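So the chains spell out like this:
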Amino acid sequence: SGLFIVDDRGPQHLKGVGEPVTLYRVLQPSGVRSRLAAATPRGLTPFVGRAHERALLRQRWAQARGGEGQVVLVTGEAGIGKSRLVQMLREDLASAPHTWIECSGSPYHQNTPFFAVTDMLQQVLAWRGDEDGDERLAGLEEALTRAGLPLNDALPLVAPLLSLPVPERYPKLLLSPEAQRRETLRTLAAWLFASARLQPVVAVLEDLHWVDPSTLELQARLVEHGANVPLLL
């Protein structure tokens, strides 16, 4: 609810189901990324009891903005306000130049490689949802070039993650599956690091317990190699 703009098709009788079920046809994504932002009405109750944690996140942001990469794990029982705490950080940073990207794990895609990363890449590329393939490919080429990545090496690795065909003008990948996976991880990390050096980045990964192994491996690489990057994970 809230993550998509939908057309309410009303109660429908389905085979094998005793009671009518209300169906919705998805028209397009709403642009909302956070479950909290999607589900919480306006006029929130005052945010209390988390002053220390809120201050800690702002402190880590200050360190990251200064070029000292930071990683913060927000953990706790369901319903204690983890997403709300992250949302408050976003509001605290509203006037600070930065790039905010967020994605989340899904219980339905735990074995889909780079599922959460694909969502994050679409945000970095600022896809509207109505572009054709050529426009998306051109945007990807521009973004990779801006990050200083060689197109012949990077685009054949990244385009398939975004369900984009690799044009024939690019060389074929002559890599084993394992080597291609390693190169993809290296390329994605280099892209995010380059973006952060242009403007500090806050990257939020929600529902970590549902994240696919490939995304977790990328996160580990970002932690290992991001010590001198303006990046808050």
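For the structure, see preceding data.
Residues numbered from 1 in each chain as written. Predicted model: local features only at pLDDT ≥ 70, side-chain atom pairs only at ≥ 80, totals over all residues. Heavy atoms only, no water.

## Some words on unusual backbone geometry
Glycine aside, residues mostly have negative phi angles, and peptide bonds mostly take the trans form. Where we set the bar: Strands here are runs of E lasting at least two residues and helices are runs of H or I lasting at least four, both read from the DSSP assignment and numbered beginning at the N terminus. Only protein chains enter the accessibility calculation, which uses a 1.4 Å probe; a residue whose area is less than 20% of its type maximum is buried, one above 50% is exposed, and one in between is partly exposed.
Its identity is not glycine, yet Ser 163 carries a phi of approximately 60°, on the positive side. By the secondary structure assignment, Ser 163 is in the loop between α6 (151–158) and α7 (177–198). Positive phi outside glycine occurs at Asp 207, with the angle close to 55°. Checked against the element boundaries, Asp 207 lands in the loop between β4 (201–206) and α8 (213–225). On the basis of relative accessibility, which here comes to 15%, the residue Asp 207 falls in the buried class.

## Brief notes about α6
Our working rule: We call two residues in contact whenever any of their non-hydrogen atoms come within 4.5 Å of each other.
Where α6 is concerned, the buried positions are Ala 154, Leu 155, Pro 156, Leu 157 and Val 158. Looking at the buried side of α6, the elements it contacts are α4 (115–124), α5 (133–146) and α7.

## Describing the sheet that holds strand β3 (residues 99–104)
Spelled out, the test is: Strand pairing follows a simple DSSP-based rule, namely that at least 2 bridges must link the two strands.
If you trace the three strands from one edge of the open sheet to the other, you get β3-β4-β5, paired in parallel fashion. Looking at which strands have only one partner, the edges of the open sheet turn out to be β3 and β5 (231–232). Looking at chain direction, β3 and β4 are connected through six bridges and run parallel. Following the sheet pairing, Glu 102 is matched in β4 by Val 204.

## Considering the nonpolar core
Stated formally: Only buried residues count toward a nonpolar core, which is a set of Ala, Val, Leu, Ile, Met, Phe, Trp, Tyr and Cys residues joined through side-chain atoms within 4.5 Å.
Residues Leu 121, Leu 140, Leu 162, Leu 188, Trp 191 and Leu 231 are the most contacted members of the largest nonpolar core, which totals 40 residues. Secondary structure elements with two or more residues in this core: β3, α4, α5, α6, α7, β4 and α8. Sorting elements by how many residues they give to this core places α7 first, with eight residues. If near-sequence neighbours (up to four positions away) are discounted, Leu 162 is found in contact with Thr 118, Leu 121, Gln 122, Leu 125, Trp 127 and Leu 140. Leu 57, Leu 93, Trp 100 and Leu 232 belong to the second-largest nonpolar core, a separate cluster that totals eleven residues.

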